[in-house]
Amino acid sequence: MVESFRMNLKGKVAVVTGSTSGIGLGVARALAREGADIVLNGFGDAAEIESARKSFGGRTLYDPADMSKPGEISAMIARAEKELGSVDILVNNAGIQHVAAVEDFPAEKWDQVLSINLSSSFHTIRAALPGMKKRGWGRIVNIASAHGLVASVGKAAYVAAKHGLIGLTKVVALETAATGVTCNAICPGWVLTPLVQKQIDALAAREKISEEEAKKRLLAEKQPSLEFATPEQIGGIAVFLCSEAAAQVRGSSISVDGGWTAQ
Ligand code: NAD
């Protein structure tokens, strides 16, 4: 019989990349609430990071690894295994955005978006998978996007990276299909985080409209529910993917996008 999807994650160690803000912080909080030990990662104010770390309860680590640096990524996974004993749950969430038409897209921005939003997941998975396989249990959750399934103008690097991340998710799911390790993607639509706030501010400035009006337009253009999804909701889906109910969910992309990609 399938256990309740509110699985007790006590004793499991979860690495959540980019968890100092937004969706990553929401996912880390949700996993911590289920009892997981958390490895927090990302940039930001040292005092705020420390207070987030303390709020989780359980055993926690903060590792400042830069997701554009493969050496720092493998060192973070090795440190988590050494200091907390294992990496059982890996949430690849760190990401950045840059908006420009493809012919104006700075080459160094392309490289930066691809390395943080796509290649970092290859490096974390490569480092964490052997331990998961050895222990016979693991959960890999890749935070992709509606932009992993459909495109928007001005987002060449982001859309390419997120489509790539869904491809990587499927390959890892197939390569682990006969093991206790699963790999899936979550595809959020608009979630009100600092990453999206920047796009709201840019729209408000460009169109000379209020912030509230800019939020409404952003939603109306793409998200039929006309409501933002929340980091807590994404956290809930991540917890579900870590449960036994989700043991045969493999290589899936779960949309949490208010109907964006149903159109
Ligand atoms: P955010 O800007 O609030 O958080 C991004 C996190 O990544 C921060 O913790 C930041 O410090 C970290 N980060 C950035 N560069 C890093 C690097 N080089 N190394 C380590 N950490 C780094 O953004 P968010 O909206 O919470 O986005 C999180 C993920 O969700 C991203 O992958 C994003 O593409 C995806 N996403 C967001 C939305 C949305 O509407 N907000 C929608 C779909 C997908």
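Not measured: the values here are computed from a predicted model.

Asker: What exactly am I supposed to notice about the pattern of salt bridges here?
Answerer: In the structure shown here, the tally under the stated rule is twelve salt bridges. Measuring nitrogen to oxygen at the nearest pair gives 2.8 Å for the salt bridge that ties E50 to R53. With E50 and R53 both in helix 2 (residues 46–55), this residue pair falls three residues apart, about one helical turn. Assessed through its relative accessible area of 31%, E50 is described here as partly exposed. The closest approach of N and O atoms between E50 and K54, which form a salt bridge, is 3.8 Å. Note that E50 and K54 are positioned in helix 2 at a spacing of four residues, about one turn of the helix. Connected through shared salt-bridge partners, E50, R53 and K54 make up one network.

Asker: I would appreciate a short explanation of the domain arrangement of the protein in the present structure.
Answerer: A common way to express how large an interface is: the accessible area buried when the components associate. What the domain assignment reports for the protein is domain 1 (13–189 + 229–257) and domain 2 (192–228). With centres defined by C-alpha atoms, the gap from domain 1 to domain 2 works out at 25 Å. On the domain 1 side of the interface with domain 2, the three residues burying the most area are Q97, A229 and D257, jointly 43% of the side's total. Our count for the domain 1 to domain 2 interface comes out at two residue pairs in polar contact (both at pLDDT 80 or more). Looking at side-chain class alone, the side of domain 1 that touches domain 2 contains five nonpolar, seven polar and two charged residues.

Asker: For this particular structure, what's the right way to read helix 7 (residues 211–222)?
Answerer: Three- or four-residue spacings in an α-helix give side chains the same orientation, since the helix completes a turn every 3.6 residues. Under the 1.5 Å per step criterion, the end-to-end length of helix 7 is 17 Å for twelve residues, consistent within 8% with the ideal 16 Å. Buried positions along helix 7 lie against helix 6 (194–207).

Asker: Honestly, the site of the ligand in this entry has me stumped. Any pointers?
Answerer: The local shell around the ligand holds 30 residues, among which S21, N93, Y158, V191 and T193 are the closest. Take G18: an N or O atom from its main chain is 3.2 Å from an oxygen atom of the ligand. One nitrogen or oxygen atom from the main chain of G189 is found 3.2 Å from an oxygen atom belonging to the ligand. Isolated, the ligand exposes 830 Å² of accessible area, and the fraction of that covered by the protein chains is 93%. For the shell around the ligand, the secondary structure elements donating two or more residues are helix 1 (22–33), helix 5 (156–175) and helix 6. With three residues, the single largest contributor to the shell around the ligand is helix 6. Split into classes, the residues belonging to the shell around the ligand amount to 16 nonpolar, twelve polar and two charged. Among the domains, domain 1 (13–189 + 229–257) and domain 2 (192–228) are the pair contributing at least three residues each to the shell around the ligand.

What counts as what
Residues numbered from 1 in each chain as written. Predicted model: local features only at pLDDT ≥ 70, side-chain atom pairs only at ≥ 80, totals over all residues. Heavy atoms only, no water. Salt bridge = Lys/Arg side-chain N within 4 Å of Asp/Glu carboxyl O. Helix = DSSP H or I, 4+ residues; strand = E, 2+ residues; numbered from the N terminus. Buried < 20%, exposed > 50% of the residue type's maximum accessible area, 1.4 Å probe, protein only. Domains from an automatic or database assignment. Buried area = accessible area lost by both parts, 1.4 Å probe. Polar contact = N/O pair within 3.5 Å; in protein donor to acceptor, adjacent residues only side chain to side chain. Nonpolar A, V, L, I, M, F, W, Y, C, P; charged D, E, K, R; others polar. Expected span 1.5 Å × (residues − 1). Contact = heavy atoms within 4.5 Å. Near = heavy atom within 4 Å. Areas by Shrake-Rupley, 256 points an atom, 1.4 Å probe, with all protein chains shown as cover.

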